[in-house]
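Observations on the three-dimensional arrangement
The residues making up each chain are set out below.
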Amino acid sequence: MPRHAKSLPILMYHDISNHRAELSISPALFEEHCRSMAEKGWRAVGLAEAEEFFLRGAPLPPKSFLITLDDGY
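To start, this report covers the structure provided alongside it. Treat the numbers as computed from the prediction; the structure is a model and nothing was measured.

So, about the side chain of Ser64. Turning to its location among the elements, Ser64 is positioned in strand S5 (residues 64–69). The class for Ser64 is buried, based on a relative accessible area of 1%. Of the polar contacts made by the side chain of Ser64, one reaches the backbone oxygen of Pro61; its length is 2.6 Å. With sequence-adjacent residues up to four places away left out, Ser64 is seen in contact with Leu8, Pro9, Trp42, Arg43 and Val45.

Turning our eyes to something else, we now look at the nonpolar core. Core analysis: the biggest nonpolar cluster contains seven residues, these being Ala5, Leu8, Val45, Ala50, Phe53, Leu60 and Leu66. The residues touching Ala5, leaving out its near neighbours within four places in the chain, are Phe53, Leu60, Pro61 and Pro62.

What follows is about the pattern of salt bridges. Within this structure, the stated rule accounts for three salt bridges. Close ionic contact of Arg35 with Glu31 constitutes a salt bridge, the shortest N to O distance being 3.3 Å. Taken together, the residues Arg35 and Glu31, both in helix H1 (residues 27–39) and four residues apart, mark about one turn of the helix. For Arg35, a relative accessible area of 43% translates into the label partly exposed. Since its relative accessible area comes to 44%, Glu31 is described here as partly exposed.

Definitions and cut-offs
- Residues numbered from 1 in each chain as written.
- Predicted model: local features only at pLDDT ≥ 70, side-chain atom pairs only at ≥ 80, totals over all residues.
- Heavy atoms only, no water.
- Helix = DSSP H or I, 4+ residues; strand = E, 2+ residues; numbered from the N terminus.
- Buried < 20%, exposed > 50% of the residue type's maximum accessible area, 1.4 Å probe, protein only.
- Polar contact = N/O pair within 3.5 Å; in protein donor to acceptor, adjacent residues only side chain to side chain.
- Contact = heavy atoms within 4.5 Å.
- Core = buried A, V, L, I, M, F, W, Y, C linked by side-chain atoms within 4.5 Å.
- Salt bridge = Lys/Arg side-chain N within 4 Å of Asp/Glu carboxyl O.

Structure, rendered in structure tokens:
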């Protein structure tokens, strides 16, 4: 029987840039985050998959997550 995610962790970033700012991380650090997640078996999903999961209960593979960029200013 296939196993499915029961929740969807969301990683929120404000800015990915080489310009130093309080809420920014460098592209190299973002790449490191993504590589580390992949090495541990995590899989990023797109917005369409997330919408299907949240609105219609569509299954997601275990260890799925969503990345968002929020410029809340």
